[in-house]
Amino acid sequence: MVVFALLCASQIIVSGASAQTAKVLGARLGVYPDYTRFVIDLDQEVDFTYFLLPDPYRIIIDMPEIDWNAPPGKVTSGGGLISGLRYGLFKPGTFRVVLDVAQPSLVSKIFSLPPGGGKPNRLVVDLKPTQRDGFLTASRQSMEAYSARSRNDTSATEQSVDVAVQSGRGGEEKPLIAIDAGHGGVDPGAIGVGNVYEKDLTLAAARQLAETLTASGRYRVLLTRDKDVFLKLRQRVDIARKAGADLFISLHADSIGNPKHRGASVYTLSENASDKEAAALASKENKADVIAGIDLSDENTLVQSILIDLAQRETMNLSATLAANMVSQLAQSIELQRRTHRFAGFAVLKAPDIPSALFEMGYLSNATDAKLLQSPAHRKKIADAVLRAIDIYFEKHKF
Ligand SMILES: [Zn+2]
């Protein structure tokens, strides 16, 4: 599978993988007249908790970090009551599986089965249909049970996020550039031609950009994530602010219905979107937290409104300068969309004091763009252009 070949090629380290980490051997679905069964085959028993979330209806199962490299087979496209499957690292120590359900469904049974009859350890989840009211009641109860358990479990409260600031020679005075690889872990982002995941390409592009900026000797860099882990939008901004970043660049790759549509664009923050597509894109990118399932250990999970205060205006002007530089430099290297610098209410660009831009590097729904973004040579081209854009930015603004 393309995704895994890519993971190996770019040497992504799956955090915490050790001899004790349970390994997924496979996953399958069984559709019966009155229930749907979801099974994960594992090489050892794992602990689990779960809860239900409405709008859209989802069953969320959390477990300690496991190693899921086995292809999920047909389960991703669903069957019976299940309409989709997502999984990945949610935060250090927690692996999350999200089952989308097409209609309100209850977990009628969830249990571990020891090896037997030629089968390995299994985690079995049985779902049966219910009404919305029944789902909402079960959702409330499951969230209370989950929260009570999280409070008793010290490991669930750990908040550590790996932040690696790479220092170049001479250190301190060099501007610090925060590079934000969009999506990650349980949130794959867009899934494109050849089953390529946005979260993998953004991480590969972020690493390339970090390497290029560091090699220039003019910048220090900070990666908001350097592994396949989920980060809330707010966390991404906080990581950059705490480290005192001078610029924030969030990397993404979009996907839309028209497979012919291709090209990159650069976005900055605005209360009013420049056009309908920009508004739609922002609301899609802002849903990352919802897609991953809210983290019940943190009340401030959802960044809902984009309110811009006066102090932010100056930052917005600087963001626009950065975006204009990126557009002019990228235009010399890669295919851009016609209206390349656009505005919308992206939650991840909300740092009031850090000029920020969101770079959609291309469309994964387009075969050419999807192929290019998987090419290290193309990602190097992008990184070189962004380096030139940042150089011009700092020539004009000596801070
Ligand atoms: Zn994205």
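Residues numbered from 1 in each chain as written. Predicted model: local features only at pLDDT ≥ 70, side-chain atom pairs only at ≥ 80, totals over all residues. Heavy atoms only, no water.

Student: Whenever I open this one, the sheet that holds strand S3 (residues 49-53) confuses me. Can you help?
Tutor: Two pairing modes exist for strands in a sheet, parallel and antiparallel, and in both the strands are linked by backbone hydrogen bonds. Taking strand neighbours across the sheet as the criterion, the four strands line up as S3-S4-S6-S5 in an open arrangement whose pairing is antiparallel. Two strands lie at the open edges of the sheet, namely S3 and strand S5 (82-91), each paired on one side alone. Each neighbouring strand pair of the sheet contributes to a mean axis angle of 20°, computed without reference to strand direction. (Pairing = 2+ DSSP bridges. Helix = DSSP H or I, 4+ residues; strand = E, 2+ residues; numbered from the N terminus. Axes fitted to C-alpha atoms, helices over the stretch in contact; angles between N-to-C directions.)

Student: What should I look at first to understand the coordination of the zinc ion in this one?
Tutor: Note on metal geometry: ideal angles are 109.5 degrees for four donors arranged tetrahedrally and 90 or 180 degrees for six donors arranged octahedrally. Bound to the zinc ion are the protein donor atoms His183 (NE2), Glu198 (OE), His252 (ND1), Glu285 (OE) and Glu285 (OE), situated 2.1 to 2.4 Å from the metal. The sequence pattern formed by the donor residues of the zinc ion is H-x14-E-x53-H-x32-E. On the criterion of sequence distance, the pair formed by Glu198 in helix H3 (residues 198-216) and Glu285 in helix H5 (residues 276-286) is long-range, its members being 87 residues apart. Neither Glu198 nor Glu285 differs from the other in exposure class; each is buried. (Donors = N, O, S within 2.8 Å, 3.2 Å for Na, K, Ca; no water. Buried < 20%, exposed > 50% of the residue type's maximum accessible area, 1.4 Å probe, protein only.)

Student: Teacher, can you tell me more about the pairing of strand S12 (residues 247-254) here?
Tutor: Two faces, one strand: in a regular strand the side chains alternate between the faces of the sheet. Taking burial as the measure, the eight residues of S12 include eight buried ones, the bulk of the element. Taking every second residue as pointing to the same face, both faces of S12 are buried, with Leu247, Ile249, Leu251 and Ala253 on one and Phe248, Ser250, His252 and Asp254 on the other. Pairing geometry for strand S10 (residues 176-181) and S12, over five bridges, is parallel. Pairing of Ala178 across the sheet is with Phe248, part of S12. Taken together, the six bridges between S12 and strand S15 (residues 356-363) define a ladder with parallel strand orientation. By the bridge assignment, Leu251 is partnered in S15 with Phe359.

Student: What is the right way to read helix H9 (residues 376-396) from this model?
Tutor: Two residues of an α-helix separated by three or four positions point the same way, owing to the 3.6 residues in each turn. Its 21 residues place the ends of H9 31 Å apart at the C-alpha level, agreeing with the 30 Å of an ideal helix rising 1.5 Å per residue. All of the buried residues along H9 are His378, Arg379, Ile382, Ala383, Ala385, Val386, Leu387, Ala389, Ile390, Asp391, Tyr393 and Phe394. (Expected span 1.5 Å × (residues − 1).)

Student: Would you take a moment to explain unusual backbone geometry for this structure?
Tutor: Among all residues except glycine, the phi angle is most often negative; among peptide bonds, the trans geometry is most common. In this structure, the amide linkage connecting Asp55 to the following residue, Pro56, adopts the cis form with an omega of -5°. Of note, the phi angle at Asp55 is positive, near 55°, even though the residue is not glycine. Relative to the helices and strands, Asp55 resides in the loop between S3 and strand S4 (58-63). Take Asp55: its relative accessible area is 51%, and that puts it in the exposed class.

Student: What should I look at first to understand the side chain of Arg220 in this one?
Tutor: Tracing the chain through its elements places Arg220 in strand S11 (residues 220-223). Buried and unpaired, Arg220 has Asp246 as its nearest opposite-charge partner, separated by 4.8 Å. At 3.1 Å, the side chain of Arg220 forms a polar contact with the backbone oxygen of Lys174. (Lys, Arg positive; Asp, Glu negative; His and termini not counted. Salt bridge = Lys/Arg side-chain N within 4 Å of Asp/Glu carboxyl O. Polar contact = N/O pair within 3.5 Å; in protein donor to acceptor, adjacent residues only side chain to side chain.)

Student: Help me understand H5, please; the structure alone is not making it clear to me.
Tutor: Listed in full, the buried residues belonging to H5 are Ala278, Leu281, Ala282, Glu285 and Asn286. With its buried residues spanning 130° around the axis, H5 presents them on a single face. Among the residues of H5, the N-terminal cap falls to Asp275, whose side-chain oxygen and the backbone nitrogen of Glu277 are separated by 3.2 Å. (Arc of directions from axis to C-beta.)

Student: I keep staring at the environment of Pro355 and nothing clicks. Help me out?
Tutor: Inspection of the secondary structure assignment puts Pro355 in the loop between strand S14 (336-344) and S15. For Pro355, a relative accessible area of 5% gives the class buried. The spacing of Pro355 and Phe248 is 107 residues in sequence and 6.3 Å in space, taken between C-alpha atoms. Ignoring any residue separated from it by four or fewer positions in sequence, one finds Pro355 in contact with Asp246, Leu247, Phe248, Thr315, Leu318, Ser319, Leu322 and Tyr393. (Contact = heavy atoms within 4.5 Å.)

Student: Even after reading the chapter, I still don't get empty space enclosed by the protein, so can you show me in this structure?
Tutor: One simple way to see leftover space: roll a probe sized like a water molecule over the atoms. All chains considered together, the criterion is met by four cavities of 30 Å³ or more. Taken as a whole, the largest cavity spans an internal volume of roughly 60 Å³. Forming the walls of the largest cavity are Arg262, Gly263, Ala264, Ile334, Glu335, Met361, Gly362, Asp369, Leu372, Leu373 and His378. Residue assignment for the lining of the largest cavity shows that the elements contributing at least two residues are S15 and helix H8 (367-373). With three residues, the top contributor of residues to the lining of the largest cavity is H8. For the lining of the largest cavity, the class distribution of residues is five nonpolar, three polar and three charged. (1 Å grid on protein atoms, 1.4 Å probe; cavity = no way out; pocket = protein on both sides within 12 Å on 5 of 7 lines; lining within 4 Å. Points joined across faces, edges and corners; volume = space filled by probe spheres on them. Nonpolar A, V, L, I, M, F, W, Y, C, P; charged D, E, K, R; others polar.)

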